[in-house]
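# Understanding the architecture of this molecule
So you can see what is in the structure, the chains are spelled out below.
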Amino acid sequence: KKPGVQDLAASIDEANASFILTWTYQATEAHQFVVFRSADNAPWQRVATLPSSQLSYTDSNLYQVEEGFAYRVQVLFENGASSGLSNRVELRLKP
């Protein structure tokens, strides 16, 4: 089984209505990271595909969002294989 991301964490930038995700990845064979988002237990949707050198993602301009979001990250490898999904983090802007 291919290794996945570890320690997915999230913080809120209220001034910019943004959610900031960070994670660690110890192995060297990652090709890309894929960020998935779900609102109110809806199906997971891919919201970003990032280069393997990027260990963070900012989901911006969430001013009109009333519900919270959950996020998970997956590793994609050169050969097309993928890791399992990371731990789930949830965020909600304060009303």
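Just above sits the structure.
This section reports on the structure supplied with the text. Small disclaimer: the values here were computed from a predicted structure and weren't measured. (Residues numbered from 1 in each chain as written. Predicted model: local features only at pLDDT ≥ 70, side-chain atom pairs only at ≥ 80, totals over all residues. Heavy atoms only, no water.)

### What about the packing of aromatic side chains?
Put simply, the rule reads: Put simply, two rings from Phe, Tyr or Trp (the six-membered ring, in Trp's case) pair if the centres are within 6.5 Å, and we call them stacked under 30 degrees between planes, edge-to-face over 60, tilted for the rest. Three labels apply to residues, based on accessible area from a 1.4 Å probe with only protein chains included: buried if under 20% of the type maximum, exposed if over 50%, partly exposed otherwise in between.
Applying the stated criterion across every chain yields a total of five aromatic pairs. Between the aromatic rings of Y25 and F33, the centroid separation amounts to 5.6 Å while the plane-to-plane angle is 75 degrees, which identifies the pairing as edge-to-face. The same class applies to Y25 and to F33, which are both buried. Pairing F69 with Y71 gives two aromatic rings, centres 6.2 Å apart and planes at 65 degrees, and the pair type is edge-to-face. Here Y71 falls in the buried class, since its relative accessible area comes to 0%.

### Some words on the pairing of strand β3 (residues 30–39)
Note the cut-off: For two strands to count as paired, DSSP must find a minimum of two bridges between them. Each helix is a run of H or I in the DSSP string that is no shorter than four residues. Each strand is a run of E no shorter than two, and both are numbered from the N terminus.
By the bridge criterion, nine bridges tie β3 to strand β6 (residues 69–77) in an arrangement that is antiparallel. Bridge pairing links Q32 to L76 in β6. Linking β3 back to strand β4 (residues 45–51) in an antiparallel pair, the connection comprises five residues, with D40 at a positive phi of about 50 degrees.

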